[in-house]
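Examining the three-dimensional arrangement
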Amino acid sequence: MQGKGVIKFFAILLAVVCLYQFSFTWVAHKVEQDAKAYAKGDPEKEKAYLDSVSTLPVYPVLNHTYQYCVERELALGLDLKGGMNVTMQISLRELVTALSNNNTDPAFNQALTNAQARSITEQKDYITLFVDEYEKLAPNSKLAAIFANSNNQDKLKFNSSNSDVEAYLKDQANTAVQQSYTVLHTRIDQFGVTQPNIQLQKSTNRILIELPGVKEPERVRKLLQGSAKLEFYQTFDNTEVYGLLNNINGLLAAKNKTSKADTSKADTAKLLAAAKDTSAAGKPANSLVNKLKNSTNKDSASLVKNQLAANPLFAVMSPVTYQDQTGQQQLSPGPIVGYTAQKDTAKVNSYLRSADVKSVIPQNMKFLWSVKPIKNSKVFELYAIKLSGAENGPVLSGDVINDARSDVDQMKGGYEVTMYMNSQGAAKWKTITAEASSGANKRAIAIVLDDNVYSAPNVQNEISGGVSSISGGNFTLEDTKDLANILKAGRLPAPARIIGEAVVGPSLGQEAINAGLLSCILGLVVILIFMIAYYKRAGTVAVIAVLINVFFLMGVLVSLRAVLTLPGIAGIILILGVAVDANVLVYERVREELALGKSIRIAVADGFKHALPSILDANISTFLTGVILFLFGSGPIQGFATTLMIGIVTTLFCSLLISRLIFEFMLEKGWDITFSRPWSSHTFKNANYAFVKNRFKFYAFSGIFIAAGLVSMVTRGFNYGVDFGGGHTYIIKFNHPVTTEQIHDAVDATLGRGTEVKTYGTDNKMSINTNYQINDTSANADAKVQTALIKALAANPATKIDAKQILSHQKVEATIANEVKASAKWTIILAIIVISAYILIRFRKWQFSLGAMVATAHDSLLVLSFFSLFKDILPFSLDIDQAFIAALLTVIGYSINDTVVVFDRIREFLELHHAKTDDPKEVINHAINNTLSRTIITAFTVVLILVILFIFGGDVIRGFSFALLIGVVFGTYSSICVATPVIIDFGKKDLR
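Just so it is clear, the model here is predicted, and its values are computed rather than measured.

Once that is clear, we can look at the overall build of the chain. Within the chain, the secondary structure is distributed over 34 helices and 24 strands. When burial is assessed residue by residue, the chain has 54% of its 992 residues classed as buried. Restricting the contact set of the chain to residue pairs at least 6 apart, pairs at least 24 apart contribute 74%. Total accessible area on the chain stands at roughly 44,000 Å², and carbon and sulfur atoms take up 57% of it.

Okay, structure coming up:
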């Protein structure tokens, strides 16, 4: 074997990298275990502990912080960790209405209504539908008359064509979506969620948001759906405010003295942690904190006990100071008046909002936090904001901004934001900037989004004309892009609303983790036992290779920061089957070579050599399926696809290279290598089943089954999951055993007779799917549906529940459900076409490609037929949803995997037996029988894994695993009984 040294080097390097990536999870878990031990069941104490150590080094030697480790640990999806998944859609109807200045033209408003109705069932974007409807209603009118004005004259003229207006509206829509993305990203940062995920869906007006571990879904809905409020405020200077803060500190100290408040050791630790957080941010701490840090332990504890009561505010907030040339601390100029660790912001807020403190704060002053912490820290800045006018509001609102762009500062270099205001805003801005820039000390103007300060640039000069440049000494390109989007947030009122969501409770998530791990371990153990039992010592090599494969797969997943979901665990289990398949291909080839009388060394070399084309073709076709799933799937489906693709690569590396290295080592040591046991050495040897001769019987069976399925699809249809049918789905755990009839009796009168109720596993869990109020777009629509459900169930004491018993909730509107249906259909068609094209390229005969296409279409129809025919017969759910589509595509990949191996052997035999006396039918039948051992063993191992996944994998993926199980059986059948007969019946003389 050539290149052994290179292979060993890369294997060792990959192992080291994987261990390093795993170490972050281990270290973070160790810190979290320490927090649990410290808190003794108190979640608030546990959170406070983790916050206090977030910026401290916890990683041995390398001194990575806990926050750094958490960001790089193995990320768990919502179905494993619990949390909330939200799909938000930007309301383009409201955007178009606003851009028209609320035009009252009847044709215009009717076109908006018609476009909204069509967008539910059609896949075209809203702007295209609107223009199409307007041209139908007013064929002789121009849209420019509605949208052109003085504010957009550089982009739109009064004589512009409808196509120009359409392009303008699409550009504005893209801008609105991008700025909404920025605003939502900013809001999500405020949740403090570990590893949140927010994705902007390309070519749509949708944003996908995942918030693992979040426990306040109602707060999430309220915060995400609120309209962005952009405002400009004048500011106070730190030197003007410090005296007030000092008085507040004294006032709080007096209250502490009166109440004789004591300070615990926990307060000491808290103060010291705040000092470390402040120092980590590169900001000077106040004198009290410096004394605490530099004192001995004994002196420090004594000092804290005596001083905390006298300095309650400054104990959790450091004034903004700098050290002058004489070494003295001086107040820093500017609008920032304090630095506070994230964990202490709530404490500062409680101080500033107390009645006694509010009474001494001037009415024209308020304090606001920075929107983000200081870079590489968890320290937030506190700004002193000056309120203006009789209503004590902002000096200017954000709706005066026409545009904002990220630019390059031509004078100083670096990046800046150029802001353009309308004429009304420009006039006010001139006055505001003139006042801020007067005098020796230049004032700052705070840019405030949703009551958080995004930026507070100093004003150097009066700005006239409405064009301003905002620059920062450390602005990055991303910073300026974000700020530009923030500035435009107040101009285009295009609110984002939730059109799909899934809430998974932590208890259901823990059940999923337990079920997933159990099925994964059992699947691994069973397969390893089988391999050793069937292939003896060679089976042990396969075991080692599979274990290394799983280790590499998990390590790569962690290093890529991929999210592990329950379908992802299913993908890992499936990869076990793929890995075993590769080993089976090699071992069966080696056994053939040994049967020819070759030595063990030559047989092993030739076995790997001859099995290579089949292994590559089979795995590449499966990889292509994963690519299609990744491109067109979302959420857990992408997690499954990611696992599948990475697993294919690691499987090839371990099965072809690591296994070979182990065999080379064993041969060098002179060890006895066996590839079978007495009972397994003759399995399917000399098999001679008449597959080709009986092909018309197979055609008849498949045809009858598919025909019955098509009739059932038309007459009975499917059980659509919520992501295909739309609606609300609740997983509820009842206190006592209940029947579906009891639940129907309770809820049908309120939620409607279209409500579906299904048993969901064990432990008195039920799934309730309803379309009740699905078209309600109000902010509290979900809360109303949940309230109605709980109230309806309360009508019967046996079904009565409270909100805590709702383990998960999923909502999908009809708009997205229809898009999912269309996407699923085209994804399956694309998968069949892509894989068939690959087969055509590899085998150079269209008959092989046609056979593959017919087989994959056949498998898809068989599985769909099965799910329609038996949808209300089997004792578990047979839902058609996105997980089912992932299963169907995986079945297609597996079927092609199996088919390719048979095709490879057929091609090989046709090349060896191409004389005129050789009957192609007999040659092909012999080739099928020759691969039967591999086909059956691989199918058996994969089915064994899927049975374990089906039984132990949990309720969440039971339908998914069953679809895979049925599909694998059908796929194995089609590889032998459908794909090959098609080659024969269409090949005729071309096969010679």
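Having seen the structure, we can now continue with the description.
Moving on to the packing of aromatic side chains. All told, the structure shown has 39 aromatic pairs when counted by the stated rule. Measuring from centroid to centroid gives 5.1 Å for Tyr-535 and Tyr-587, while their planes differ by 70°, and the two rings are edge-to-face. Of the two residues, Tyr-535 is situated in helix H20 (residues 506-535) and Tyr-587 in helix H22 (residues 566-595); the sequence distance between them amounts to 52 residues. Per residue, the accessibility class of Tyr-535 equals that of Tyr-587, and both read buried. Summarising the aromatic geometry, the rings of Phe-950 and Phe-962 are spaced 5.7 Å apart at their centres and angled 45° between planes, so their arrangement reads as tilted. Here the residue Phe-950 occupies a position in helix H33 (residues 932-952), and Phe-962 occupies one in helix H34 (residues 958-987), the gap between them amounting to twelve residues. The residues Phe-950 and Phe-962 share a single accessibility class, namely buried. In this structure, Arg-72 packs its charged tip against the face of Tyr-68, placed 3.5 Å from the ring centre. If you follow Lys-386 out to its NZ or CZ, it ends over the ring of Phe-236, 5.0 Å from the centre.

What follows concerns the environment of Ala-39. Its location among the elements puts Ala-39 in helix H1 (residues 4-39). Using a relative accessible area of 4% as the deciding quantity, one classes Ala-39 as buried. With ten residues separating them along the chain, Ala-39 and Tyr-49 place their C-alpha atoms 7.9 Å apart. Apart from the residues lying within four places of it in its own chain, the contact partners of Ala-39 are Lys-45 and Glu-46.

This part takes up the nonpolar core. Within the largest apolar cluster, 141 residues are counted, with the highest numbers of intra-cluster contacts made by Met-531, Tyr-587, Phe-663, Ile-839, Phe-867, Phe-884 and Phe-903. The next biggest cluster of nonpolar side chains, apart from the first, holds 45 residues, and it includes Leu-99, Tyr-126, Ile-146 and Ala-496.

Turning our attention to the side chain of Thr-729. With respect to the helices and strands, Thr-729 occurs in strand E20 (residues 727-733). Judged by its relative accessible area of 12%, Thr-729 falls in the buried class. Polar side-chain contacts of Thr-729 include one of 3.3 Å to the side chain of Asn-769.

Moving on: the confidence of the model for the chain. Any segment with low pLDDT has predicted coordinates that should not be analysed in fine detail. Mean pLDDT over the chain works out to 80, with 87% of the residues at or above the 70 mark. Overall, residues 261-304 carries pLDDT values under 50, and its contacts beyond four positions in sequence, including any with other chains, amount to 64 contacts.

Contact geometry of helix H30 (residues 846-869) with helix H31 (residues 882-912) gives a least axis separation of 9 Å together with a crossing angle of 145°. Seen from above, H30 lies across H31 with right-handed handedness. Counting all contacts with H30, which are made through Phe-848, Gly-851, Ala-852, Thr-856, Asp-859, Ser-860, Val-863, Leu-864 and Phe-867, the residues of H31 involved are Phe-884, Leu-888, Val-891, Ile-892, Ser-895, Ile-896, Phe-903 and Ile-906.

Time to look at the pattern of salt bridges. Throughout the structure, instances matching the rule amount to 29 salt bridges. Between Glu-240 and Arg-443 there is a salt bridge, with the nearest N and O atoms lying 2.6 Å from each other. In this pair, Glu-240 is assigned in helix H11 (residues 238-258) and Arg-443 in the loop between helix H18 (423-437) and strand E14 (445-449), connecting sequence segments 203 residues apart. It is possible to trace a salt-bridge network through shared partners that takes in Arg-118, Asp-132, Glu-133 and Lys-136.

Once that is clear, we can look at the sheet that holds strand E2 (residues 83-90). The sheet built from eight strands is open, its strands ordered E3-E4-E2-E17-E23-E20-E22-E21 with antiparallel pairing. Looking at which strands have only one partner, the edges of the open sheet turn out to be strand E3 (197-200) and strand E21 (756-759). With strand direction ignored, the average angle separating the axes of adjacent strands in the sheet is 15°. Relative to strand E23 (residues 806-812), E20 is paired through six bridges, and the arrangement is antiparallel. By the bridge assignment for E23, His-728 is matched with Lys-811.

Definitions and cut-offs
- Residues numbered from 1 in each chain as written.
- Predicted model: local features only at pLDDT ≥ 70, side-chain atom pairs only at ≥ 80, totals over all residues.
- Heavy atoms only, no water.
- Helix = DSSP H or I, 4+ residues; strand = E, 2+ residues; numbered from the N terminus.
- Buried < 20%, exposed > 50% of the residue type's maximum accessible area, 1.4 Å probe, protein only.
- Contact = heavy atoms within 4.5 Å.
- Areas by Shrake-Rupley, 256 points an atom, 1.4 Å probe, with all protein chains shown as cover.
- Phe/Tyr/Trp six-rings, centres within 6.5 Å; stacked < 30°, edge-to-face > 60°.
- Lys NZ or Arg CZ within 6 Å of the ring centre and 35° of its normal.
- Core = buried A, V, L, I, M, F, W, Y, C linked by side-chain atoms within 4.5 Å.
- Polar contact = N/O pair within 3.5 Å; in protein donor to acceptor, adjacent residues only side chain to side chain.
- pLDDT = per-residue confidence, 0-100.
- Axes fitted to C-alpha atoms, helices over the stretch in contact; angles between N-to-C directions.
- Left-handed = near helix turned anticlockwise from the far one by under 90°.
- Salt bridge = Lys/Arg side-chain N within 4 Å of Asp/Glu carboxyl O.
- Pairing = 2+ DSSP bridges.

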